[in-house]
Structures are given as structure tokens and as C-alpha cells.
Amino acid sequence: MGELPEIHKGLDGVYVSESTICKVDGTAGRLYYRGYPIDDIAKNSNYEEAAYLLLNGKLPNGAELEDFSSKLKAERELPDKIINIITESAGKSDPMDILRTAVSYLSIYDNDTKTQTKEANLKKAIKLIAKTSSIVATIGAAMEGRSYTKPDSSLGHSENFIYMLKGKKPTPDEVKPVEMMFILQAEHSTNASTFATLVAGSTLADLYSAVTAGISALKGPLHGGADEEALRMMEAIGDPSNTEAYINDALAGKKKIMGFGHRVYKAYDPRAKIIKGYLLTLQQNPSAEVKRLTEIALRGEKLMIDKLGQTHGIWPNVDFFAGPVYVSAGIKVDLFTPLFAASRMAGWCAHMIEYWEDNKLIRPLELYKGEIDKKYVPINDR
Ligand SMILES: CC(C)(COP(=O)(O)OP(=O)(O)OC[C@H]1O[C@@H](n2cnc3c(N)ncnc32)[C@H](O)[C@@H]1OP(=O)(O)O)[C@@H](O)C(=O)NCCC(=O)NCCS
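Residues numbered from 1 in each chain as written. Predicted model: local features only at pLDDT ≥ 70, side-chain atom pairs only at ≥ 80, totals over all residues.

### A closer look at the overall build of the protein
In terms of regular secondary structure, the protein is built from 16 helices and 3 strands. For 382 residues, the compact-globule estimate of 2.2 N^0.38 gives 21 Å, and the C-alpha radius of gyration of the protein, at 22 Å, lies within 12% of that figure. If one aligns the C-alpha atoms of the protein with their principal axes, the spans along those axes are about 70 × 55 × 50 Å. When contacts within the protein are restricted to residue pairs at least 6 apart in sequence, those whose partners lie at least 24 apart make up 76%. (Helix = DSSP H or I, 4+ residues; strand = E, 2+ residues; numbered from the N terminus. Rg over C-alpha atoms; globule rule 2.2 N^0.38 Å. Contact = placed C-beta atoms within 7 Å.)

### A look at unusual backbone geometry
Its identity as a non-glycine residue notwithstanding, L11 has a phi of 55°, on the positive side. In this structure, L11 sits in the segment before β1 (22-25). By C-beta crowding, L11 is classed as partly exposed, having 14 other C-beta atoms within 10 Å. We note that K254 has phi near 65°; this positive angle belongs to a residue other than glycine. By secondary structure assignment, the location of K254 is in the loop between α12 (243-252) and α13 (270-281). (Buried ≥ 20, exposed ≤ 12 C-beta atoms within 10 Å, placed from the backbone.)

### Some remarks on the site of the ligand
Around the ligand lies a shell of 17 residues, among which A226, K256, F260, G261 and R263 are the nearest. Of the residues that constitute the shell around the ligand, the class distribution is 7 nonpolar, 7 polar and 3 charged. (Near = placed C-beta within 6 Å. Nonpolar A, V, L, I, M, F, W, Y, C, P; charged D, E, K, R; others polar.)

### Digging into the packing of helix α9 (residues 192-201) against helix α16 (residues 336-356)
The N-to-C vectors of α9 and α16 enclose an angle of 40°; their axes lie 9 Å apart at closest approach. In terms of orientation, α9 and α16 fall into the oblique class. The interaxial crossing formed by α9 with α16 has right-handed handedness. In contact with S193, T194, T197, L198 and G201 of α9, α16 contributes R344, G347, W348, H351, M352, Y355 and W356. Partitioned by chemical class, the residues of the contact of α9 with α16 number 5 nonpolar, 6 polar and 1 charged. (Axes fitted to C-alpha atoms, helices over the stretch in contact; angles between N-to-C directions. Parallel < 35°, antiparallel > 145°, perpendicular 65-115°, else oblique. Left-handed = near helix turned anticlockwise from the far one by under 90°.)

### Remarks on the domain arrangement of the protein
Each domain of the protein was delimited in the assignment, giving domain 1 (15-221 + 337-356) and domain 2 (226-328). On a C-alpha basis, the centres of domain 1 and domain 2 stand 26 Å from each other. Listed as interface residues are 18 residues of domain 1 and, on the opposing side, 20 residues of domain 2. Listing elements by their share of the side of domain 1 that touches domain 2, those giving two or more residues are β2 (30-33), α1 (38-44), α8 (172-184) and α16. (Domains from an automatic or database assignment.)

### Quick word on the nonpolar core
Counting residues in each nonpolar core, the largest one holds 106 residues, and the members touching the most others are A50, L54, L99, I129, V211, A346 and C349. At 13 residues, α16 tops the list of elements feeding residues into this core. Excluding anything up to four places from it in sequence, L99 contacts I135, V136, I139, I215, P338 and A341. (Core = buried A, V, L, I, M, F, W, Y, C linked by C-beta atoms within 7 Å.)

### Section: the sheet that holds β2
Overall, antiparallel pairing links the 3 strands, which are arranged β1-β2-β3 in an open sheet. Either end of the sheet is taken by a strand with one partner, and the two such strands are β1 and β3 (36-37). (Pairing = 2+ DSSP bridges.)

### Here we look at the environment of N44
With respect to the helices and strands, the residue N44 is situated in helix α1. A tally of 9 C-beta atoms within 10 Å means that N44 is categorised as exposed. For the pair N44 and R344, spaced 300 residues apart in sequence, the C-alpha to C-alpha distance is 19 Å.

### A few points about helix α3 (residues 62-74)
With 13 residues, α3 should reach 18 Å at 1.5 Å per residue; the first-to-last C-alpha distance of 18 Å fits that figure. Inspection of α3 places F68, S69 and L72 among the buried residues, and these make up the whole buried set. With its buried residues spanning 100° around the axis, α3 presents them on a single face. Summarising the geometry of α3, the exposed residues directed more than 90 degrees from the buried face are A63, E66 and S70. (Expected span 1.5 Å × (residues − 1). Arc of directions from axis to C-beta.)

### Here's the deal with the packing of α8 against α13
One can describe the packing of α8 onto α13 by two numbers: an axis separation of 11 Å at closest approach and a directional angle of 175°. The angle between the axes of α8 and α13 places the two elements in the roughly antiparallel class. Together, P177, M180 and L184 of α8 and R271, I274, I275 and Y278 of α13 make up the contact between the two elements. Partitioned by chemical class, the residues of the contact of α8 with α13 number 6 nonpolar, no polar and 1 charged.

Structure, rendered in C-alpha cells:
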């Protein structure tokens, strides 16, 4: 028998492709979109510009951004059938299941689904980015019993998202955190959902099929679902003074604390630093709810870093402080992961389009450990 192959469980440490979209420096705790540090993008940019950058590889000039933004605006409306799917399922199904179904259904309205040119795929990406945001807003509205709000083309991407979600024009205090989260969650290299997108697309299935696979992978609590779980934990802790006992008990029971740890970052996630920084600025005039959640989050952060930070490389990730920030903007917990998907749509599409430039079917191997040459026994003799 030959030498046994080395198995990289969870593809840990395995490089699957080359890319110029995103660098995650897990040791230094740095993140770059197309070479630009995430802090600069979060501070100076908006989601439209970040999405343009990810898809096109360069920052747009004024005319290019204007053109890209108006193309996004033109694609915000949802077909009636999709609005009906959302309205009929809201409150009965998981919002991520509704989102996955609705995004998958979008392909029916695109005559170009099978055209695999870069130009056609960039057009599809714009449709997907614009409409996924509208779908998520409509799911959130329907869950609260509100009917579809038509998009408003005088509003930017994040503003329009909140407008369609709440049915009224947002305040700057609502827009700022949502814009920040849209930017910070837009891209993060070949994580589970991006890889799922690439696996589906590497068969030369179309972009709609590929990103639907991405949404499926994002749903789980080990990936995008962690932001919801982190907030639910804070709700379960209840009073800030319970934080240490709750987390210590959970760790003693070998439970994972959602919003901590990362496959690549063995340092403080730079996105979590930005989100925490924003949360602290809210402390000048917080609602009682945001104040309580922030106190729990800060106590939890300290305990986890003291216990597992330096020793085990387990630090807060993007999902830990996101919950209190969303709460401050009036976004309900069920919508956190769908909103993550709406933002990540830019990254998924950028990666898929890049990968197709030099496509190779993704098909790893597994080491078969079962028996062979077993004798088939007819059913009546078993
Ligand atoms: C993200 C994550 C899946 C990365 O996992 P990974 O690289 O596969 O590493 P593992 O899950 O094998 O964890 C390695 C060790 O650290 C521990 N660990 C990792 N994350 C932990 C957490 N959030 N809380 C407590 N312990 C944790 C594991 O229990 C394991 O300990 P062990 O070696 O004693 O068994 C993991 O850190 C996790 O589950 N975090 C919580 C979910 C989350 O926040 N996901 C969002 C990521 S952006």
C-alpha cells in the first residue's frame, strides 16, 4: 500500500486559488480590500464605492461611481412574485431560508442567466447586490406586518435599505451603523460561503446558482449566523453582572462563545475593533437597551481575552459587537445574517467573476476508509 495522503480537515491551511480581491493578515490582524486598509474604506467610503472597488479592482472616479450607483438604483425593484413569496413565508420560515429561495428565484427574471461573459456577469452582480438588499428589507418589513415599500432612488444603498425595511426615511443615526456594517461585511476572502460560491460556480453553473450556495453556507452559526447567536447570548445573560458567570459556565461545559475565534485571525479582528469603536461613541447618549448590551459585551470581551486571547489566539471577531450596533439602529436579531448576506453579495460576485477568468473545476479527494468487494445480498436474504 502506498503512502497515506495528508488530510487537511476543514481545508485548514490549504490555498485553493490566487486572488487580488482581499488580503486577510491573520497574524497582524489587518484586512485589505483590493489593497486598501479596511479602516480607510470604513472611514471614508460608502457601500456603493466599496462594492465597485471589489468588483472592478480600482476605486471609481466621480463619473464611474455615479454610473454604478444609478445602475444599482435601477435594479432595486422586486418582481411581484418575489414579494409574494416573502410575504407568504415571513414569520413562518427562517429569514435566511426565505432569502435563499428569493435570490434563487431571481434567475427566472434574467434572460442572460447563462451568458458567461465578464460583462454579463458584472451586470448580474449589480442586479444581485441591489435586489438582495431589497429582498432582505422586504423580509424584515413583512416579519413586522408591513407591506412592500417601493425603493426610493433619491437614497443611497444603505439609506434605501432602511427605508424599505421601516417604511420611513431613516435618521443619520440609523444610517451610520448600517452603512458601516454593509462595508465591513462586504468581503472576507475565501471563507466558507465564498468557497461554497466558488465550488458551485466552478462547475460553470451560473452566478445565481453560485451565490445561492454562498447564502446556504453563510447561514450556519459557525459562520454568518454567529452575529445572531452572540446577541442571543447577551440577551440570555440579561443583567451585565451575570456575564462572567454565564461565560465561565459555558466554557466549563465546552461550549463555544459566538463572536470569538477565527480560522485565519489569531489576533483581534480589525472589523471588530471598528465596530467596537463605533459602539463606544454611542455611549454618550445610549438607550437603556444599548447601554446594557454594551456593558455585557465589554465584560464578555475582557473575560474572553484574559482567558483565551494571548494563550489560544481566540479574539473577538466581526460578529461579537455587531448585535448591539444593529440594536442601536433598530434592526431585529432575525435580520442580522440576511443583512450580512446582502452585504457579502458584492464579495461573492467579485470572487466568482475573478475565478471564472481562469476556471478550474473544484473537486478535492477523500480517503476512503470503508470495505471493498463486499458481496451483494438479495433483500429477502438480509
Ligand atoms: C470560527 C471558528 C469556527 C474557527 O474554528 P476552527 O479554526 O475550526 O477552530 P476550532 O473550532 O477547531 O477551535 C480551536 C480550539 O479553540 C476553541 N475555540 C474556538 N473558538 C472558540 C470560541 N468562540 N469559544 C470558545 N472556544 C473556542 C475550540 O473549542 C478548540 O479548542 P480545543 O482545541 O480545546 O478543542 C471557531 O472559532 C468558532 O466556532 N467560533 C465561534 C463562531 C463564530 O464566532 N463564528 C464567526 C467567525 S467570523
